[in-house]
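Residue-level structural notes
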Amino acid sequence: MGSTMETESLCGLPGVTRDALPVHRVYVDGFWMDAMEVTNEKFEQFVKATGYITIAERTPTKEEFPTAPAENLVAGSTVFTPTPGPVPLDNFYQWWRYEKGANWRHPEGPSSDIKGREKYPVVHIAYDDAVAYAKWAGKRLPTEAEFEFAARGGKAGLIYAWGNELHPGGKFMANTYQGTFPVKDSGEDGFSGIAPVGQFPPNPYGLYDITGNVWEWCSDWYRPDYYAELARQGRVARNPQGPDIPFDPAEPTEKKRVHRGGSFLCSDQYCTRYMVGTRGKGEVTTGSNHVGFRCVQPGGSGTAHGANKGKPS
Ligand SMILES: [Ca+2]
């Protein structure tokens, strides 16, 4: 698992570079994974059954966010907004804005909704929201190692989940970003922005959207040196669960957990984290319109190589 220098993401995000180095050996016990990202439809079943209110729907307090400007202490979430023209890619606040009233029911803000988007991945999901859903579903979130094991589909050492070519035979294999980032997503892969789940070929384990579409929460705390630490131990890492304490030197006061898989915003101009070995990160109370999740369940013996060969669920 992990990346070499050649396959490490080219990424304008501060602190991301080299966090997936070096390649190291990992063992994980067998498990089952949702074939697709959790959809709006499925999340709605959970909310109807439990009355759960996501973090983006709750009004944040000054106690929780002492450094936040008062105008930000309103329920909402972060939404990607294309810039009017090309911008230097050194400040992501140019294309992310905090949108009052944005949440899973209103992905682009209060005037948007999820009618007709039942099969789209649920977004604006904070870490605890994903954990609450997983618990209700009798499942849990994957560890980062489980996610990467699953994403690689039984093939170690490839750049992408499907091979070493981004567009094998000219074919798009995941929902990512084409065009000029962050001005115009030309949607050559069929989708400008988010796509319904299951629109691209599954990986060899039958997992859809394991690359692209939306980032997915993993249960590990994020540290950029964690893969290096596993490698330094010099043995096969068995069922690694992540570091004990989160730390991101780029934003040292924030507690982050791992995101994996990349999203519809990943592009070769800004951030190539559709590469299967690369890593992402997110502050735990923060969702956005390109972060979702899927769940896993423990597997019986010998299921690791036979999981999810059946129909998608
Ligand atoms: Ca796309």
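Located above this text is the structure these notes cover.
Here we summarise the structure given alongside this text. (Residues numbered from 1 in each chain as written. Predicted model: local features only at pLDDT ≥ 70, side-chain atom pairs only at ≥ 80, totals over all residues. Heavy atoms only, no water.)

Along the chain, Pro246 falls in the loop between β8 (237–238) and β9 (256–260). If sequence neighbours within four positions are ignored, Pro246 has contacts with Trp221, Tyr222, Arg223, Lys255 and Lys256. (Helix = DSSP H or I, 4+ residues; strand = E, 2+ residues; numbered from the N terminus. Contact = heavy atoms within 4.5 Å.)

One broad trend across soluble globular proteins is that nonpolar side chains are buried collectively. Of all hydrophobic cores here, the largest spans 25 residues; its most connected members are Phe43, Trp104, Val122, Ile125, Tyr133, Trp217 and Phe293. It is helix α2 (residues 127–136) that contributes the most residues to this core, four residues altogether. In contact with Trp104, not counting residues within four places along its chain, are Asn40, Phe43, Glu44, Val47, Thr54, Glu57, Ile114, Val122, Val123, His124 and Ile125. Counting 23 residues, the second largest nonpolar core, distinct from the first, contains Phe147, Ala150, Tyr227 and Val276. (Core = buried A, V, L, I, M, F, W, Y, C linked by side-chain atoms within 4.5 Å. Buried < 20%, exposed > 50% of the residue type's maximum accessible area, 1.4 Å probe, protein only.)

In the first shell of the calcium ion, the protein supplies Asn175 (OD1), Thr176 (O), Asp189 (OD), Asp189 (OD) and Phe191 (O), at 2.3 to 2.5 Å from the metal. Sequence spacing of the donors to the calcium ion: N-T-x12-D-x1-F. A residue pair is termed long-range when its members are at least 10 positions apart, and Thr176 in the loop between α3 (144–152) and β5 (179–180) and Phe191 in the loop between β6 (184–185) and β7 (215–221) qualify at 15 residues. With respect to burial, Thr176 and Phe191 carry one shared label: buried. (Donors = N, O, S within 2.8 Å, 3.2 Å for Na, K, Ca; no water.)

Let us now look at the side chain of Thr211. Along the chain, Thr211 falls in the loop between β6 and β7. Residue classification places Thr211 among the buried positions, given a relative accessible area of 5%. Sequence-distant contacts of Thr211, that is, excluding residues within four places in its chain, are made with Ala161, Trp162, Ala174, Gly261 and Tyr274.

Bringing the sheet that holds strand β11 (residues 291–292) into the picture now. Strand order in the open sheet formed by four strands is β10-β9-β7-β11, with mixed pairing between adjacent strands. Each having just a single partner strand, β10 (280–283) and β11 make up the two edges of the open sheet. As defined by bridge partners, β7 adjoins β9 across three bridges and the pair is classed as antiparallel. Counterpart to Trp221 in the pairing with β9 is Arg257. (Pairing = 2+ DSSP bridges.)

On inspection of all chains with the given rule, the structure shows 21 aromatic pairs. Taking the centre distance of 5.2 Å and the plane angle of 85° together, the rings of Trp95 and Tyr270 count as edge-to-face. With Trp95 in the loop between β3 (76–80) and β4 (96–100) and Tyr270 in the loop between β9 and β10, the pair connects residues that are 175 residues apart, well separated along the chain. Tyr270 shares its class with Trp95; the two are buried. Through a chain of ring-to-ring contacts, three or more aromatic side chains come together here, namely Phe43, Phe46, Tyr52, Trp104, Tyr133, Trp136 and Phe293. Arg238 extends its terminal NZ or CZ atom over the ring of Tyr27, reaching a point 4.1 Å from the ring centre. For the cation-ring pair, Arg279 lies above Tyr227, with the distance from its terminal atom to the ring centre recorded as 4.5 Å. (Phe/Tyr/Trp six-rings, centres within 6.5 Å; stacked < 30°, edge-to-face > 60°. Lys NZ or Arg CZ within 6 Å of the ring centre and 35° of its normal.)

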